[in-house]
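Each chain, letter by letter, is given below.
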Amino acid sequence: MKKSLIIFVSLFLCGQAMAQGSLLSFVKKVGAKIDSMSIRGLDRRYIDAPEKPWQIIVKGNVNQSILSMTTRGSIMGVDYDAKPYMKTEPSRYVGLWAGYRGYGLGYTVNVGGDKGSYFTIGATGGAYGVNVRIHSFETDHPNFDLESNLIPEENKDDWKEIKLLSPIKVRAVIADGYYLFNGKRFSYAAAYDQSVLQKRSAGSLMAGAMYYYSNVDYADRTNGDLIYTMHGLGRVKLWQGSVGVGYAYNWVPAKGLLVSAMAMPMLTFVNKIKTYGYATNVEELMADPRFLDEDITDEEWDEWFYSSLQISPMGEKTFNSGMTVNFDARLSLTYNFGRYFINTYGQFSNMRYRHDSSHGHLNDWFVNTSFGIRL
């Protein structure tokens, strides 16, 4: 019995060792394949792969959205003109990323600004790249510069910095991809994920495409006064699809230092907007004697007014804007020293729309900073 048990244990341990050996062999083969892919077809005088393939990176991110709109119409025969301008407080995130030759996983948490979630995923190759960024957040204290002839002149300053009882909810998705025409000597990855090294200066013409989606929603009854000044608009969805041709350049002024810049005007051929309208009882409340009663306190007035506000859906409209020109730009600074590297890069995107007398734009920017070590 003991002999059988010893034989069984020996066979099990041998099987485990063989399995581990097979797994280790498989991992090595995958690593060798990735190593080969990272420099395949590249001019090694200009681009090279770091000797140590693993990366551990501490990352920080700051991003902000700015929405500017202009809408005109008429209410009860009175001409209406509003130009809201909403700037969110910059959101700040920190996180950790680990991977092999630029392929890996990371986790990011919010540490300041407008609370929300921030998710990114990207893949870069010798001549291509794909990036997806999803940002969801809400803010109840936007920098909201609202110009409207529905607001009395003496009350305009009250709208500069407002505190909403129900937050504005924003969700934005930006996905972009590109193709480099000089991928042998110019590396996008060297500037944005440090999986390879740019040894000499080089540039490249590039073609790109971008998909953009945003949803701005403040359709809560406590925001009835805001919806009223917005001519009944309580929610907006925007879809855009763009293609463009631009140029990118990697400048290597000294060993280990890389400055990269990219600019790409884009023609937007998909430009669809969906608006959600709401009726409010603001004018009924304005006719109430309590609306102009100076004998009640501000707290009593707020409690009465905002508890009495009501909104009701009036329907939704979907329309297509014409073609327009948007803009995408990026700038990166990287310094490699030994096994370590520091990187800062930013991106600015400008999205525009127009329909009849309503038009506007959304600017979105972010800045990433990172400190990494190669193992």
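Residues numbered from 1 in each chain as written. Predicted model: local features only at pLDDT ≥ 70, side-chain atom pairs only at ≥ 80, totals over all residues. Heavy atoms only, no water.

Focus: a nonpolar patch on the surface
Line of reasoning, step 1. A cluster of nonpolar side chains, namely Tyr-103, Tyr-128, Val-130, Tyr-179, Phe-181, Leu-205, Val-245, Tyr-247, Tyr-249 and Trp-251, defines an oily patch on the protein surface of about 1,000 Å² accessible area.
Line of reasoning, step 2. When residues of the nonpolar patch are traced back to their parent elements, those giving at least two are β7 (128-139) and β12 (233-254).
Line of reasoning, step 3. The biggest single contributor to the nonpolar patch is β12, with four residues.
Line of reasoning, step 4. Within the secondary structure layout, Trp-251 lies in strand β12. (Patch = residues over 30% accessible without salt bridge, like charges linked within 9 Å, V, L, I, M, F, W, Y side chains within 5 Å. Areas by Shrake-Rupley, 256 points an atom, 1.4 Å probe, with all protein chains shown as cover. Salt bridge = Lys/Arg side-chain N within 4 Å of Asp/Glu carboxyl O. Helix = DSSP H or I, 4+ residues; strand = E, 2+ residues; numbered from the N terminus.)

Looking at the nonpolar core
Line of reasoning, step 1. Counting 49 residues, the largest nonpolar core has Met-206, Tyr-212 and Tyr-218 as its most contacted members.
Line of reasoning, step 2. In terms of residues, this core owes the most to one element, strand β13 (residues 257-280), which gives seven residues.
Line of reasoning, step 3. In this structure, Met-206 is in contact with Tyr-178, Tyr-179, Leu-180, Phe-181, Gly-244, Val-245, Gly-246, Tyr-247, Ala-248, Met-262 and Met-264, ignoring residues within four places of it in sequence.
Line of reasoning, step 4. Grouped together as the second largest cluster of nonpolar side chains are seven residues, Tyr-228, Val-282, Leu-285 and Trp-301 included. (Core = buried A, V, L, I, M, F, W, Y, C linked by side-chain atoms within 4.5 Å. Buried < 20%, exposed > 50% of the residue type's maximum accessible area, 1.4 Å probe, protein only. Contact = heavy atoms within 4.5 Å.)

Observations regarding the confidence of the model for the protein chain
Line of reasoning, step 1. Chain-level statistics for the protein chain give a pLDDT mean of 81 and a share of 78% at 70 or above.
Line of reasoning, step 2. Taking the mean pLDDT of every element in the protein chain, the minimum, 54, falls on helix α1 (residues 2-39) and the maximum, 93, on strand β10 (residues 197-198). (pLDDT = per-residue confidence, 0-100.)

Digging into the pairing of β13
Line of reasoning, step 1. Across 17 bridges, the pairing between β12 and β13 is antiparallel. Paired with Leu-238 across the strands is Ile-273, a residue of β13.
Line of reasoning, step 2. The turn linking β12 back onto β13 is made up of two residues, and Gly-256 within it adopts a positive phi angle of 90°.
Line of reasoning, step 3. Two elements, β13 and strand β15 (residues 324-337), share 12 bridges in a ladder whose sense is antiparallel. Note that in β15 the partner of Val-259 across the bridge is Leu-333.
Line of reasoning, step 4. In this sheet, strand β14 (residues 311-320) lies alongside β13 in antiparallel orientation, the contact comprising nine bridges. The residue bridging Tyr-278 from the neighbouring strand is Pro-313, located in β14. (Pairing = 2+ DSSP bridges.)

Digging into a negative patch on the surface
Line of reasoning, step 1. A cluster of acidic residues, Asp-298, Glu-299, Glu-300, Asp-302 and Glu-303, forms a negative patch at the surface.
Line of reasoning, step 2. When you line up the elements, Glu-299 lands in helix α5 (residues 298-308). (Lys, Arg positive; Asp, Glu negative; His and termini not counted. Charge placed at Lys NZ, Arg CZ, Asp CG, Glu CD.)

A word on the packing of aromatic side chains
Line of reasoning, step 1. For the structure shown, the criterion picks out 16 aromatic pairs.
Line of reasoning, step 2. Judged by centre distance (6.0 Å) and plane angle (70°), the ring pair of Trp-301 and Trp-304 falls under edge-to-face. Here Trp-301 pairs with Trp-304, and both are found in helix α5, just three residues apart, close to one helical turn.
Line of reasoning, step 3. Within the aromatic cluster, the residues linked to one another by ring pairs are Tyr-178, Tyr-188, Tyr-192, Tyr-345 and Phe-366.
Line of reasoning, step 4. Above the plane of the ring of Tyr-46 lies Arg-200, whose end atom (NZ or CZ) is 5.6 Å from the centre.
Line of reasoning, step 5. It is Arg-235 that lies over the ring of Tyr-276; its NZ or CZ is 4.8 Å from the centre. (Phe/Tyr/Trp six-rings, centres within 6.5 Å; stacked < 30°, edge-to-face > 60°. Lys NZ or Arg CZ within 6 Å of the ring centre and 35° of its normal.)

Topic: the environment of Tyr-335
Line of reasoning, step 1. If you trace the backbone, Tyr-335 turns up in strand β15.
Line of reasoning, step 2. Those residues in contact with Tyr-335 that sit more than four places away from it in its chain are Lys-255, Gly-256, Leu-257, Tyr-340, Phe-341 and Ile-342.

Some remarks on the pattern of salt bridges
Line of reasoning, step 1. According to the stated counting rule, one finds eight salt bridges in the structure shown.
Line of reasoning, step 2. Among the ionic pairs, Arg-185 bridges to Asp-43, the shortest N-O distance being 3.2 Å. Of this pair, Arg-185 sits in the loop between β9 (168-180) and α2 (188-192) while Asp-43 sits in the loop between α1 and β1 (47-48), and the two are 142 residues apart along the sequence.
Line of reasoning, step 3. Owing to a relative accessible area of 33%, Arg-185 belongs among the partly exposed residues under this scheme.
Line of reasoning, step 4. The exposure class of Asp-43 is buried, given its relative accessible area of 16%.
Line of reasoning, step 5. Across the pair Arg-290 and Asp-288 runs a salt bridge whose closest N-O atoms are separated by 3.1 Å.
Line of reasoning, step 6. A network of salt bridges, in which partner residues are shared, links Asp-43, Arg-45 and Arg-185.

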